[in-house]
Amino acid sequence: MRHQVQLQIGPVALRVGSQWAGPIKALTRLYEGYPEPEAPCDFTVRLEPDKPWRRWIRPSVAVGGDYRLPGSVPLALRHGLLAAELGMNLQMALGHKRHLLLHASSVERDGRALLMTGESGAGKSTLAALLGERGWRLMGDEFALLDLDDGTLHPFPRAISLKNGSIAMLETEVEGRRLGPRLDGTPKGVIRHLRPNAGAIAAMAERAAPALILFPRFGADLAPAVRKVGAAEVFVRLTQASTNYVTLGERGFDALTRLVVSTPARAIDYHDTANALALVEGLWADLAR
Amino acid sequence: MAGPRFTADPPDMMRTVELDGLTALFHLPSGTTHILAPPAPQILAALADGPATAPTILARIRRAFDVEGPRRSGGQRRSGALAVLETRIAELEAAGLVSRL
Amino acid sequence: MSDLEDQKPAEQSPEPSRRFVLALGAAAASTVVTIRPALAQTAGSVLNCQIPVPAPQAAGSYIDPDGHIVAPGTPGAFPPAPRPLTGEEVKVMLRGGPSPAGIDSQSAQAYANYIRRLQAGMSGFTCYASLQMPR
């Protein structure tokens, strides 16, 4: 591949290559300050034209690499950075087996971790980003990596994917050079990527013990509510939030049951982000051991 | 007359964890995970003693528990319990945890 | 265990509060939920399932060359597999590939035929079925 960049992110080394310079330049700038891998890369993402002529004519990027999803729709070249991020998600989702993967954001304080999981738009990325600017260390946005042997969480601090309304919220909080380009008209609306702060990058090898699981739900007309979630429900929801639970077999079962049995869980409904943050701090003070 | 004999894999081929009144079960031979509510775990425990018909399974369960079937008047209660048990056994069969001999 | 076990209801114990009540539930309720993979592409990883040959219910029985279960020691039949076979090994065997480690090729053929005869409800059937599914 003509252009490429290699990134160490937590315990995973990723390589992203492309025939176009643009996406690689944007990715390199977004991940400024990240260490280069010392060992061979775990996964490779390839951003290629989906047909030969698409390299020049209405250029469009097919997201490829070690693992591919047949039938995925190519992206316009101006969204190449998004394609790179999706490509990294795909390699992890389909190929990573060293840890149990949970589709969740995670932040750390005092060696203990808060996990937030839920559907797209639930607010887990926004809340994690904001907590990361309020004394918590961001461990990850898209994936939480659960150690199969000791139940700790490994950081995987990729850039946070901010969508639509959340973008403005974070633009007022962080220096502009931590933000990627504003990408309009993507399949998910407007997207802007946020680089985790220097503290999060420096601590990317420091694990934390899970201490609280939250299922946030955001809705403009939702009455604020907190609900205890039973262990069986947490377990089932987390199997559905994991792309490799089934693949990991008995080890996955052991790791996930251990997490669920030892970690309190709450569902929170909110319509106001400031209110949600206060709720999170309160629940952490009450429940995190 | 007593119906088919059912059987299950031995307990050492399953991993179970109690979650809040329900049982998470990992079935080693199939690599599949199930969540079971009572009386499913009790049926599997009853079959650990060896293959059995539904009435025998019910009898084994009754050694440890007072069984509450669906609300029926007096004489129908036992057959009501057996019918419900048979439905539960069928669910376990569909999930691949119980089979018939 | 005999099927002619006593089916009378348990004697009322002198301290009924020591026994737990087990509710069988309404006939319509569901008591078994099977976890499905979140992402179809990660379904049925063959690496994680196993097929015991023969199934535990027939432990000790021999397998004849056509894959039928026969009495132990039947001439021409093969003893049980020394260990459960992994999905990956079975996949290779069924395609006519090399036999799994520690198993000679004639036994492997008999085992393969046994596996092909598996029916729903028999131990290992789910594993065998998932091997047939296209990825």
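Report follows, based on the coordinates. (Residues numbered from 1 in each chain as written. Chains lettered and ligands numbered in written order. Predicted model: local features only at pLDDT ≥ 70, side-chain atom pairs only at ≥ 80, totals over all residues.)

1. What to know about the overall build of chain C
At step 1: Summing up its helical and strand segments, chain C has three helices and six strands in all.
At step 2: Ordered by position from the N terminus, the helices and strands of chain C form the series β-β-β-β-β-β-α-α-α.
At step 3: Here chain C holds 135 residues, and the buried ones make up 27% of them.
At step 4: Counting contacts in chain C only where the partners sit at least 6 residues apart, residues at least 24 apart contribute 56% of the total. (Helix = DSSP H or I, 4+ residues; strand = E, 2+ residues; numbered from the N terminus. Buried ≥ 20, exposed ≤ 12 C-beta atoms within 10 Å, placed from the backbone. Contact = placed C-beta atoms within 7 Å.)

2. Quick notes on helix H3 (residues 124-132) of chain A
At step 1: Most of H3(A) is tucked away, with nine of its nine residues classed as buried.
At step 2: For H3(A), every residue scored as buried is listed here: Lys124(A), Ser125(A), Thr126(A), Leu127(A), Ala128(A), Ala129(A), Leu130(A), Leu131(A) and Gly132(A).

3. Things to note about the environment of Asp150(A)
At step 1: Here Asp150(A) lies in the loop between strand S9 (143-147) and strand S10 (153-154).
At step 2: Spatially, the C-alpha atom of Asp150(A) lies 18 Å from that of His96(A), the residues being 54 residues apart in sequence.

4. Things to note about helix H8 (residues 273-287) of chain A
Residues and elements named next belong to chain A.
At step 1: The first and last C-alpha atoms of H8 sit 21 Å apart over 15 residues, in line with the 21 Å expected at 1.5 Å per residue.
At step 2: Along H8, the residues classified as buried are Ala276, Leu279 and Val280. One face of H8 carries all of its buried residues, which in axial projection span an arc of 100 degrees. In H8, those exposed residues whose orientation departs by more than 90 degrees from the buried face are Ala274, Asn275, Ala278, Gly282 and Ala285.
At step 3: Tucked inside the fold, the buried residues of H8 contact H3, strand S14 (209-218), strand S15 (225-228) and strand S16 (265-270). (Expected span 1.5 Å × (residues − 1). Arc of directions from axis to C-beta.)

5. Quick look at the packing of H3(A) against H8(A)
Packed helix pairs are characterised by how far apart their axes lie and by the angle those axes make with each other.
Residues and elements named next belong to chain A.
At step 1: Contact pair H3 / H8: the axes reach a minimum separation of 11 Å and the direction vectors enclose 70 degrees. Accordingly, the angle class assigned to the pair H3 and H8 is roughly perpendicular. Seen along the crossing, H3 lies across H8 with a hand that is right-handed. Residues Thr126, Leu127 and Leu130 of H3 form the contact with H8, whose own contacting residues are Thr273, Ala276, Leu277 and Val280.
At step 2: Of the residues contributing to the contact of H3 with H8, the split by class is five nonpolar, two polar and no charged. (Axes fitted to C-alpha atoms, helices over the stretch in contact; angles between N-to-C directions. Parallel < 35°, antiparallel > 145°, perpendicular 65-115°, else oblique. Left-handed = near helix turned anticlockwise from the far one by under 90°. Nonpolar A, V, L, I, M, F, W, Y, C, P; charged D, E, K, R; others polar.)

6. Quick look at the nonpolar core
At step 1: Of all hydrophobic cores here, the largest spans 115 residues; its most connected members are Leu27(A), Leu102(A), Leu256(A), Leu47(B) and Ile57(B).
At step 2: At nine residues, helix H2 (residues 80-95) of chain A tops the list of elements feeding residues into this core.
At step 3: Counting contributing residues, this core receives three or more from each of domain 1 (3-95) and domain 2 (99-287) of chain A.
At step 4: Excluding residues within four positions of it along the chain, Ile57(B) makes contact with Phe6(B), Ile43(B), Ala46(B), Leu47(B), Ala52(B) and Leu85(B).
At step 5: Among the nonpolar cores identified, the runner-up in size contains 18 residues, and Val90(C), Met93(C), Ala110(C) and Tyr128(C) belong to it. (Core = buried A, V, L, I, M, F, W, Y, C linked by C-beta atoms within 7 Å. Domains from an automatic or database assignment.)

7. Topic: the sheet that holds strand S11 (residues 160-163) of chain A
Residue and element names in this part refer to chain A.
At step 1: Pairing is antiparallel in the open sheet, where three strands are placed in the order S11-S13-S12. With one partner strand each, in any of the chains shown, S11 and strand S12 (183-186) form the two edges of the open sheet. Pairwise comparison of adjacent strand axes, ignoring direction, gives a mean angle of 35 degrees for this sheet.
At step 2: Sheet analysis places S11 next to strand S13 (residues 189-194), joined by four bridges and oriented antiparallel. Counterpart to Ser161 in the pairing with S13 is His193.
At step 3: Across the sheet, H3 touches S11 and S13, and the angle it forms with S11 is around 115 degrees. (Pairing = 2+ DSSP bridges.)

8. Brief notes about the interface of chain C and chain B
At step 1: At the interface, 34 residues of chain C touch 49 residues of chain B.
At step 2: Among the secondary structure elements, those contributing two or more residues to the side of chain C that touches chain B are strand S1 (20-23), strand S2 (32-34) and helix H3 (125-132) of chain C.
At step 3: No other element matches the four residues that S1(C) contributes to the side of chain C that touches chain B.
At step 4: Looking at side-chain class alone, the side of chain C that touches chain B contains 18 nonpolar, 12 polar and four charged residues.
At step 5: Across three bridges, strand S4 (residues 32-36) of chain B lies against S2(C) in antiparallel orientation. Paired with Leu36(B) across the two strands is Val32(C), which belongs to S2(C).

9. Structural notes on the sheet that holds strand S1 (residues 5-8) of chain B
At step 1: Taken in spatial order, the three strands of this open sheet run S5-S1-S7 (chain B), and their pairing is antiparallel. Of all strands in the sheet, those with a lone pairing partner are strand S5 (52-53) and strand S7 (98-100) of chain B, marking the two edges.

10. Description of the pairing of S16(A)
Residues and elements named next belong to chain A.
At step 1: Here S14 runs beside S16; their pairing, made up of six bridges, is parallel. Across the sheet, the residue bridging to Phe215 is Ala267, located in S16.
At step 2: Direction of pairing for S15 relative to S16: antiparallel, over a ladder of four bridges. Among the inter-strand pairings, Ala225 is bridged to a residue of S16, identified as Asp269.

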